[in-house]
Amino acid sequence: MNPSQALILRAAAFAAERHRHQRRLDAASTPYINHPLALADVLANEGGIDDPLVLCAALLHDTIEDTETTAAQIEAAFGAQIAAVVLEVSDDKSLSKHERKRLQIEHAAHASAPAQLIKLADKICNLRDLLQTPPKDWSAARKREYFEWSARVIAGVRGVHPGLEAVFDAVYAHVEELA
Ligand code: NDP
Ligand code: ZN
């Protein structure tokens, strides 16, 4: 095994440990770690991406936002570059939900390429979840609202990876099937 593969596995194990008590919002309460793993799978196997910076940051992308993990801890374990990308894709939880959603749209176009790729994979995975394993109490209107907001975020990253943008568009095309 090469050092990049070993680092990617360490990021998966780190995220699994940090998210170990968390669940997704679907009816089956899927373990939270399935989501970061899905992002890394999309990036590697649908996007053909093998950059350990992107894959590690994808695995860690919700640790700062959704657990007690700090950027300093990620930097100590994975280095400053990975920590910077994870920080870039983390919402500031001290802001209102409305403001956080607005800022995601505003920041997408100015983010680094690794952060833009992670945003693309995050939205692809969340739209797939909304189609296949949605939060148990969401109305069709709320799911549609989330689809539309995601498309506005992704509009800002277009050009970074046409292949993954096409994957996003193909998932988005199912918007009419939301119930
Ligand atoms: P949340 O931010 O509360 O939840 C969405 C997030 O949950 C996703 O971004 C994803 O985050 C995570 N998630 C966990 N499990 C799933 C799953 N199974 N499927 C998809 N995502 C999952 O909700 P909203 O994005 O809707 O944000 C709240 C906004 O919605 C507010 O602006 C509020 O005003 C509005 N709202 C609308 C309602 C309506 O009926 N239209 C009702 C209530 C609120 P991650 O990728 O980070 O894990
Ligand atoms: Zn996410």
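The structure contained in this document is the topic of the report that follows. Computed from a predicted structure; not experimentally measured.

### Regarding the nonpolar core
A general feature of soluble globular proteins is that nonpolar side chains tend to end up buried together.
And then number 1: Formed by 49 residues in total, the largest nonpolar core has its most connected members in Leu-43, Leu-60, Ile-74, Ile-82, Ile-118 and Leu-164.
And then number 2: Secondary structure elements with two or more residues in this core: helix H1 (3-18), helix H2 (34-46), helix H3 (52-59), helix H5 (71-78), helix H6 (80-88), helix H8 (113-132), helix H9 (140-155) and helix H10 (162-172).
And then number 3: Residue contacts for Leu-43: discarding those within four places in its chain leaves Gly-48, Ile-49, Val-54, Leu-55, Ala-58, Leu-117, Ile-118, Ala-121 and Leu-164.

### Brief notes about the side chain of Lys-123
And then number 1: Position of Lys-123 relative to the elements: it lies in helix H8.
And then number 2: With no salt bridge to any partner, buried Lys-123 finds its closest opposite charge in Asp-122, at an N-O distance of 4.1 Å.
And then number 3: Setting aside residues no more than four positions away along its own chain, Lys-123 makes contact with Gln-104, Trp-149, Ser-150, Val-153, Ile-154 and Phe-168.

### Focus on the environment of Ile-118
And then number 1: Looking at the secondary structure, you find Ile-118 in helix H8.
And then number 2: Once the C-alpha coordinates of Ile-118 and Val-86 are considered, the two residues, 32 residues apart in sequence, prove to be 9.3 Å apart.
And then number 3: Once residues within four sequence positions are removed from consideration, Ile-118 is found in contact with Leu-39, Leu-43, Val-54, Ala-57, Ala-58, His-61, Val-85 and Val-89.

### Looking at the pattern of salt bridges
And then number 1: Under the defined criterion, the tally for this structure stands at nine salt bridges.
And then number 2: Residue Arg-18 is joined to Glu-17 by a salt bridge in which the shortest nitrogen-to-oxygen separation is 3.1 Å.
And then number 3: On the accessibility criterion, Arg-18 (27% relative accessible area) is partly exposed.
And then number 4: Arg-128 is the partner of Glu-46 in a salt bridge, and the nearest nitrogen-oxygen pair spans 2.9 Å.

### Examining the packing of H8 against H9
A pair of packed helices is captured by two measures, namely the crossing angle of their axes and the spacing between those axes.
And then number 1: For the pair H8 and H9, interaxial distance at closest approach is 10 Å and the crossing angle is 165°. Judged on the interaxial angle alone, H9 and H8 are roughly antiparallel. The element H8 and its partner H9 pack so that their crossing is left-handed. Listed contacts from H9 to Lys-119, Leu-120, Lys-123, Asn-126, Leu-127, Leu-130 and Leu-131 of H8 are Lys-143, Tyr-146, Phe-147, Trp-149, Ser-150, Val-153 and Ile-154.

Reading guide: rules and limits
Residues numbered from 1 in each chain as written. Chains lettered and ligands numbered in written order. Predicted model: local features only at pLDDT ≥ 70, side-chain atom pairs only at ≥ 80, totals over all residues. Heavy atoms only, no water. Core = buried A, V, L, I, M, F, W, Y, C linked by side-chain atoms within 4.5 Å. Buried < 20%, exposed > 50% of the residue type's maximum accessible area, 1.4 Å probe, protein only. Helix = DSSP H or I, 4+ residues; strand = E, 2+ residues; numbered from the N terminus. Contact = heavy atoms within 4.5 Å. Lys, Arg positive; Asp, Glu negative; His and termini not counted. Salt bridge = Lys/Arg side-chain N within 4 Å of Asp/Glu carboxyl O. Axes fitted to C-alpha atoms, helices over the stretch in contact; angles between N-to-C directions. Parallel < 35°, antiparallel > 145°, perpendicular 65-115°, else oblique. Left-handed = near helix turned anticlockwise from the far one by under 90°.

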